[in-house]
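# Notes for the structure review
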Amino acid sequence: MDRRLLDEDAVMQICFVTDNLEKSLDWFADLTGKSPSHIGGAAPHDEAKAVYHGKPAEVSCRLALFKFGNIDVEFLEPGPEKSAWRDLLEEKGPGVHHIAFKTRNITQRGQYLADKGYAELQKAEFLGSHGRYAYYDTVKDLGIQIELLEFNNDREPQP
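Residues numbered from 1 in each chain as written. Predicted model: local features only at pLDDT ≥ 70, side-chain atom pairs only at ≥ 80, totals over all residues. Heavy atoms only, no water.

## Concerning unusual backbone geometry
Notably, Lys 49 is not glycine yet its phi reads approximately 50 degrees, a positive angle. Here Lys 49 is to be found in the loop between α2 (45–48) and β3 (51–52). (Helix = DSSP H or I, 4+ residues; strand = E, 2+ residues; numbered from the N terminus.)

## Considerations on the environment of Pro 44
Position of Pro 44 among the secondary structure elements: in the loop between β2 (38–41) and α2. Along the primary structure Pro 44 and Gly 128 are separated by 84 residues, whereas in three dimensions their C-alpha atoms are 9.8 Å apart.

## Remarks on the environment of Gly 54
For Gly 54, the position within the fold is in the loop between β3 and β4 (55–56). Taking the C-alpha atoms as reference, Gly 54 lies 22 Å from Leu 76; in sequence the two are 22 residues apart.

## What about the pattern of salt bridges?
What the rule picks out here adds up to 12 salt bridges. As a salt-bridge pair, Arg 86 and Glu 90 come within 3.9 Å of each other at their nearest N and O atoms. With Arg 86 and Glu 90 both in helix α3 (residues 84–92) and 4 residues apart, the pair spans about one turn of that helix. Measuring nitrogen to oxygen at the nearest pair gives 3.5 Å for the salt bridge that ties Asp 141 to Lys 140. Of the two residues, Asp 141 and Lys 140, both sit in the exposed class. Residues joined in a network through salt bridges with shared partners are Lys 82, Arg 86, Asp 87 and Glu 90. (Salt bridge = Lys/Arg side-chain N within 4 Å of Asp/Glu carboxyl O. Buried < 20%, exposed > 50% of the residue type's maximum accessible area, 1.4 Å probe, protein only.)

## Quick word on the sheet that holds strand β9 (residues 131–136)
Strand order in this open sheet of 10 strands is β2-β5-β6-β1-β7-β10-β9-β8-β3-β4, and the pairing throughout is mixed. One side of each edge strand has no neighbouring strand; the edge strands of this open sheet are β2 and β4. Examined bridge by bridge, β9 and strand β10 (residues 145–151) share 6 bridges and lie antiparallel to one another. Counterpart to Tyr 136 in the pairing with β10 is Ile 146. (Pairing = 2+ DSSP bridges.)

## A short note on the packing of aromatic side chains
Within a pair of aromatic rings, the relevant descriptors are the distance that separates the centres and the angle that separates the planes. Under the criterion given, the structure shown has 11 aromatic pairs. Arranged with centres 5.3 Å apart and planes meeting at 20 degrees, the rings of Phe 16 and Phe 75 form a pair that is stacked. One end of the pair, Phe 16, is in strand β1 (residues 13–17); the other, Phe 75, is in strand β6 (residues 72–78), and 59 residues separate them in sequence. The buried category is assigned to Phe 75, whose relative accessible area is 5%. Here Phe 28 and Phe 75 contribute two aromatic rings whose centre-to-centre distance is 5.1 Å and whose plane-to-plane angle is 55 degrees, an arrangement assigned as tilted. In this pair, Phe 28 is assigned in helix α1 (residues 21–32) and Phe 75 in strand β6, connecting sequence segments 47 residues apart. Like Phe 75, Phe 28 is buried. Joined through ring pairs, the aromatic side chains of Phe 16, Trp 27, Phe 28, Phe 66, Phe 68 and Phe 75 make up one cluster. Cation over ring: Lys 34 sits above Phe 68, and NZ or CZ is 4.8 Å from the ring centre. (Phe/Tyr/Trp six-rings, centres within 6.5 Å; stacked < 30°, edge-to-face > 60°. Lys NZ or Arg CZ within 6 Å of the ring centre and 35° of its normal.)

Structure (structure tokens):
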């Protein structure tokens, strides 16, 4: 097996979980002088096909992205149901939720993390079905989760 996590030498995103998306966006826009490049949410259940702790789940969130030249900064407000987002918000309060890496093979890279003892917490398809994400429980070692992002346009074949 390939013994690496990264397909590219870049961090794609850092995400902050919040209990008030509008307040967080106003604060960050004021701080940076930037406006969000995207405001949206999670895909509906039938499209997302979300899995939370190994079981089908309905998860929801509202989110916004700020694009920078080298990274996206995301703010995410989880819905009321249990999710990887809600869990960390309830455990630690608002703050950094995850760091995201783009991959071309989420199955192989996810197995790499699982082999290191990091459980998959949640996975689903993106809104628009153009890719997928998965979160891994790296909190005890990193203080935050790791997210893998895979886009259909450069996805490697996988089982």
